[in-house]
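One-letter residues, chain by chain:
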Amino acid sequence: MYRLCAGCKITMDNNRKVSDSRVDVVLIGAGIMSATLGVMLKELQPDINIEIFERLDVLAAESSDAMNNAGTGHSAFCELNYTPQRPDGSIEIKKAINIAEQFEISKEFWAFLIENDYVSSPKDFIVKVPHMSFVWGADNVTYLKKRQEALTKHHFFKGMLYSEDREQLKQWIPLIMEGRNDTEKVSATYMDIGTDVNFGTLTRILFDKLSKQPGVNLHINHDVEDINRKRDGSWQVKVKDKITGECRKVNTTFVFVGAGGGALPLLQKSGIRESRGFGGFPVSGQWLVCRNEDVIKQHNAKVYGKASVGSPPMSVPHLDSRLVNGKKELLFGPYAGFSTRFLKKGSLLDLFKSIKFNNIRPLLSVGLHEMALTKYLISQVLQSPADRLKALQDYYPNAKAEDWTLDNAGQRVQIIKKDEKRGGKLEFGTEVVTSADGTISALLGASPGASTSVPIMITLLERCFKTKITSPAWQDKLRQMIPSYGQSLSKDEALADATRERTSKVLGLD
Ligand SMILES: Cc1cc2nc3c(=O)[nH]c(=O)nc-3n(C[C@H](O)[C@H](O)[C@H](O)COP(=O)(O)OP(=O)(O)OC[C@H]3O[C@@H](n4cnc5c(N)ncnc54)[C@H](O)[C@@H]3O)c2cc1C
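Residues numbered from 1 in each chain as written. Predicted model: local features only at pLDDT ≥ 70, side-chain atom pairs only at ≥ 80, totals over all residues. Heavy atoms only, no water.

**Observations regarding the overall build of the protein chain**
Next up, step 1: Counting secondary structure elements, the protein chain contains 15 helices and 21 strands.
Next up, step 2: Relative to a compact globule of 510 residues, whose C-alpha radius of gyration would be 24 Å, the protein chain shows 23 Å and is just as compact.
Next up, step 3: With the principal axes as the frame, the protein chain shows a C-alpha extent of 75 × 50 × 45 Å.
Next up, step 4: Looking at the protein chain as a whole, 58% of its 510 residues qualify as buried.
Next up, step 5: Looking at the protein chain alone, contacts between residues at least 24 apart form 73% of all its contacts between residues at least 6 apart.
Next up, step 6: Accessible surface, the protein chain: about 21400 Å² in total, of which carbon and sulfur atoms supply 52%.
Next up, step 7: Distance between charge centres in the protein chain, computed from 68 positive and 60 negative side chains, equals 5 Å. (Helix = DSSP H or I, 4+ residues; strand = E, 2+ residues; numbered from the N terminus. Rg over C-alpha atoms; globule rule 2.2 N^0.38 Å. Buried < 20%, exposed > 50% of the residue type's maximum accessible area, 1.4 Å probe, protein only. Contact = heavy atoms within 4.5 Å. Areas by Shrake-Rupley, 256 points an atom, 1.4 Å probe, with all protein chains shown as cover. Lys, Arg positive; Asp, Glu negative; His and termini not counted. Charge placed at Lys NZ, Arg CZ, Asp CG, Glu CD.)

**Some remarks on the pattern of salt bridges**
Next up, step 1: Overall, the coordinates contain 28 salt bridges when judged by the stated rule.
Next up, step 2: K297 is the salt-bridge partner of D294, the closest N and O atoms lying 3.5 Å from each other. Here the residue D294 and the residue K297 both occupy positions in helix α8 (residues 293-297), the gap between them amounting to 3 residues, near one helical turn.
Next up, step 3: Taking the shortest distance from any N to any O, the salt bridge between K327 and E329 comes out at 3.8 Å.
Next up, step 4: Residue classification places K327 among the partly exposed positions, given a relative accessible area of 35%.
Next up, step 5: Overlapping salt bridges bring together D196, K302, D320 and R322 as one network. (Salt bridge = Lys/Arg side-chain N within 4 Å of Asp/Glu carboxyl O.)

**Quick look at unusual backbone geometry**
Next up, step 1: Of the consecutive residues G333 and P334, the connecting peptide bond is found in the cis state with omega at -5°.
Next up, step 2: Of note, P334 is situated in strand β16 (residues 327-337).
Next up, step 3: Not every positive phi belongs to a glycine, and D117 is a case in point at roughly 60°.
Next up, step 4: The residue D117 is located in the loop between α2 (94-115) and β4 (126-128) in this model.

**What about the site of the ligand?**
Next up, step 1: The environment of the ligand is made up of 37 residues, and the closest members are E54, S64, T72, V224 and S451.
Next up, step 2: S64 places a side-chain nitrogen or oxygen 2.5 Å from an oxygen atom of the ligand.
Next up, step 3: H74 has a polar side-chain atom sitting 3.3 Å from a nitrogen atom of the ligand.
Next up, step 4: Here the ligand has 1000 Å² of accessible area as a free molecule, and 96% of this is covered by the chains.
Next up, step 5: Where the shell around the ligand is concerned, the elements lending two or more residues are α1 (32-44) and β10 (222-229).
Next up, step 6: Here the shell around the ligand is composed, by residue class, of 16 nonpolar, 16 polar and 5 charged. (Near = heavy atom within 4 Å. Polar contact = N/O pair within 3.5 Å; in protein donor to acceptor, adjacent residues only side chain to side chain. Nonpolar A, V, L, I, M, F, W, Y, C, P; charged D, E, K, R; others polar.)

**Some details on the environment of Q383**
Next up, step 1: Tracing the chain through its elements places Q383 in the loop between α11 (371-381) and α12 (385-395).
Next up, step 2: Q383 has contacts with Y335 and R388, leaving out every residue within four places of it along the chain.

**A word on the confidence of the model for the protein chain**
Low pLDDT marks regions whose predicted coordinates should not be analysed in detail.
Next up, step 1: Averaged over every residue, the pLDDT of the protein chain is 92; residues scoring 70 or more account for 94%.
Next up, step 2: Within the model, pLDDT remains below 50 along residues 1-15, and this stretch shows 35 contacts once partners closer than five positions in the same chain are excluded. (pLDDT = per-residue confidence, 0-100.)

**Topic: the nonpolar core**
Next up, step 1: In terms of nonpolar packing, the biggest core is built from 82 residues, with F109, W110, L113 and F157 touching the most fellow members.
Next up, step 2: When sequence neighbours within four positions are dropped, the list of residues in contact with F109 reads T36, V39, M40, V454, M481 and I482. (Core = buried A, V, L, I, M, F, W, Y, C linked by side-chain atoms within 4.5 Å.)

**Quick notes on the packing of α1 against α2**
Axis angle and axis distance: for two packed helices, these are the angle between their axes and the distance between the axes, and together they describe the pair.
Next up, step 1: Two elements in contact, α1 and α2, have axes whose closest approach is 13 Å; the angle formed by their N-to-C orientations is 65°. α1 and α2 meet at a crossing whose hand is left-handed. Of the residues in α2, those in contact with T36, V39, M40 and E43 of α1 are F109, F112 and L113.
Next up, step 2: Taken together, the residues of the contact of α1 with α2 break down into 5 nonpolar, 1 polar and 1 charged. (Axes fitted to C-alpha atoms, helices over the stretch in contact; angles between N-to-C directions. Left-handed = near helix turned anticlockwise from the far one by under 90°.)

**Some remarks on the packing of aromatic side chains**
Centre-to-centre distance and the angle between the planes together describe a pair of aromatic rings.
Next up, step 1: Under the criterion given, the structure shown has 15 aromatic pairs.
Next up, step 2: With a centroid separation of 5.9 Å and an interplanar angle of 70°, the aromatic rings of F332 and Y335 are classed as edge-to-face. With respect to class, F332 is no different from Y335; both count as buried. (Phe/Tyr/Trp six-rings, centres within 6.5 Å; stacked < 30°, edge-to-face > 60°.)

**Regarding the pairing of β10**
Next up, step 1: Alignment of β10 against strand β11 (residues 235-241), held across 7 bridges, turns out to be antiparallel. Across the sheet, I227 pairs through a bridge with V237, a residue of β11.
Next up, step 2: In this structure, the hairpin formed by β10 and β11 is closed by a connection of 5 residues, where G233 is found at a positive phi of approximately 95°. (Pairing = 2+ DSSP bridges.)

Here it is as structure tokens:
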């Protein structure tokens, strides 16, 4: 069930359909990244033609779907892994500032979407939910106090409250304080302006609008099987219609591999030099989802704790209020796990198929050096329901097993790349891998992820559309979409305050 772009001429080549016209852009995968890039490109160049291919029968059903991710608008208010403690005891806040800035940029673009009728109501995808960090034990309490002191010196974190007062904490987080040992030292920070974002809904809304525009064709149930460079430097993308079994080759000037966990295999197939040495380390996740409405009602915050020793930074446990499709939810997790799949609906062979001659050294090196992570993942996989309840009770002491059910989260493929010293290293961020000529780009990795989709796609535009992006027309449009474009929100307090005030108003977060 695909639609061909107007004017496409089809010929048969070894039983495969070959379109002999060329489209401007192919977007692989219908997640938040492709949706963001597609909208930006169409705004920047209204006559551009775009073909979008998604292997599943629904849009945004992998990592971008609401229940597959935590929905946290990552602003570094509550995530303790963005503010490590230095050996001298001081707190490093560089990463926190960087992530907070990226989220402000995403909010600018989302405000543009509201103002330009892409989304009718901001509540459809973003709501205000306080972001809190909660810790126990003397060392952690000292760390959290220092963290709050360090962060509040920067304008992004103005208004972050800190408390060790149990009465105050009971008001903020009654479930977490109820039944807790009175002698235990506890503390929390509270940031009123945190957000919960339904990236799945946002993605689907954007694709709905995008696919109605002239020159855009969206094809679900279409699996991209191969990507090949043509002699003239353009690309031929081989796509299989999963319903009819028919294959088709599409010629294009530019390819974005926004296939989430499926990006690495496709990048490898492209054969570009820049893909060499990359490998993937899949980490699966699970949540406990609360089914008791009385309990759900009593919690109103995203409460992040400290990660256990050896755990990957993104598996910091959190007790989260969520708003999913208009309904308030309460989730705890994620519990990490290991699966050889790169996508939730992928194949168990994904990891093995990704092992190539050019990435075997980095893969082996990471296997040897990341023993703490391996041990942590094994311990997580071996957890019994009682172990999981115990982990929840560290946060919500009175939690009862019968109120919670276990649900699978999305799959994250962490990046493994070459390292001069050790041969290979594991990274927990995201990386845009682009060919030297800027005609193909892929997004690898998962964190901080969807919250930073907008600045990530801006980086991609800067790398792949080097000439066009300097044109007055593109520059003008970029400033309409992201008014702070070209300036620094982290350095300019007045600009940051004005920007936050404006976006909060438009996004209904004030
Ligand atoms: C457990 C978990 C918690 C997270 N929490 C947060 C959070 O709190 N905040 C946050 O900002 N981010 C979070 N993230 C990260 C965020 O979800 C991702 O960064 C983001 O959704 C990635 O979007 P994407 O478009 O790149 O990928 P996806 O949403 O995974 O989309 C990729 C699409 O490509 C399709 N595809 C794959 N291969 C092919 C192929 N060969 N042909 C055609 N289509 C293909 C897939 O079916 C899929 O629809 C979390 C992720 C996980 C897993």
